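Chain by chain, the residues:
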Amino acid sequence: MMQMLDAQSKKPLIILEFANNHMGKEDLYKAMVNEYSEVASEYPDFQFAIKLQYRDLDTFIHPKFKGSDHSGVLRFESTKVSIAEWSSRIDYAISKGLLVGCTPFDEVSVSEVLNDDRFSFLKIGSCSFNDWPFLEKIREVLENKTNSSYLIASTGGMSLEVIDKVVSFLT
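Reading the values: rules and limits
Residues numbered from 1 in each chain as written. Predicted model: local features only at pLDDT ≥ 70, side-chain atom pairs only at ≥ 80, totals over all residues. Heavy atoms only, no water. Helix = DSSP H or I, 4+ residues; strand = E, 2+ residues; numbered from the N terminus. Polar contact = N/O pair within 3.5 Å; in protein donor to acceptor, adjacent residues only side chain to side chain. Contact = heavy atoms within 4.5 Å. Salt bridge = Lys/Arg side-chain N within 4 Å of Asp/Glu carboxyl O. Buried < 20%, exposed > 50% of the residue type's maximum accessible area, 1.4 Å probe, protein only. Right-handed = clockwise from strand over helix to strand, strands pointing away. Pairing = 2+ DSSP bridges.

Caption draft 1: Local environment of the side chain of Thr103. By secondary structure assignment, the location of Thr103 is in strand E3 (residues 99-104). At 3.3 Å, the side chain of Thr103 and the backbone oxygen of Lys123 are in polar contact. Discounting chain neighbours no more than four positions away, the residues touching Thr103 are Lys51, Leu52, Gln53, Tyr54, Lys123 and Gly125.

Caption draft 2: Expanded view of the pattern of salt bridges. Here the structure, examined in full by the defined rule, presents seven salt bridges. Residues Lys137 and Glu140 are paired through a salt bridge, measuring 3.4 Å at the closest nitrogen-oxygen approach. Of this pair, Lys137 and Glu140 both sit in helix H6 (residues 132-143), three residues apart, which is roughly one turn of that helix. Exposure remark for Glu140: the relative accessible area of 42% places this residue in the partly exposed category.

Caption draft 3: Layout of the pairing of strand E4 (residues 121-124). The alternating pattern of E4 places Phe121 and Lys123 and Leu122 and Ile124 on opposite faces, both of which are buried. Once the chain exits E3 it traverses helix H5 (residues 107-114) before rejoining the sheet at E4, and the crossover so formed is right-handed. Direction of pairing for E4 relative to strand E5 (residues 150-153): parallel, over a ladder of four bridges. Note that in E5 the partner of Phe121 across the bridge is Tyr150.

Here is the structure:
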């Protein structure tokens, strides 16, 4: 049974970043989830989540750089996990009693992530905090959802003025 983020409980939320640190390998992913769920079971006063990252590489990487030896491109292409592949991994983490959230990095990914009700939260990365087309997509998709989604945002080094603008825009 899927757990939902409980913002009212005041239990601290501990998030394990699962970006590319399992190298795209499902067996390593499952081993990490197993170990993390064991730790989570020992601390009932906390909420535990894994956070995935998703990039639609077809639109995220500029065509000029696809297949290049640029370190960022190499990392993303060599550890690519498609939304379809994430599906069974999301289910696996939920079956182990963990919450699952996701940071999308492009507009295509926002739609994919926010339309998947298994995610307990969406996290806006600090690099995207004031990316207005990206934020517009988040707001558009959230406005069309029938159930509520939690939104977590990393502000990075943003000024209070920018933070105020983003909060006002999203609310």
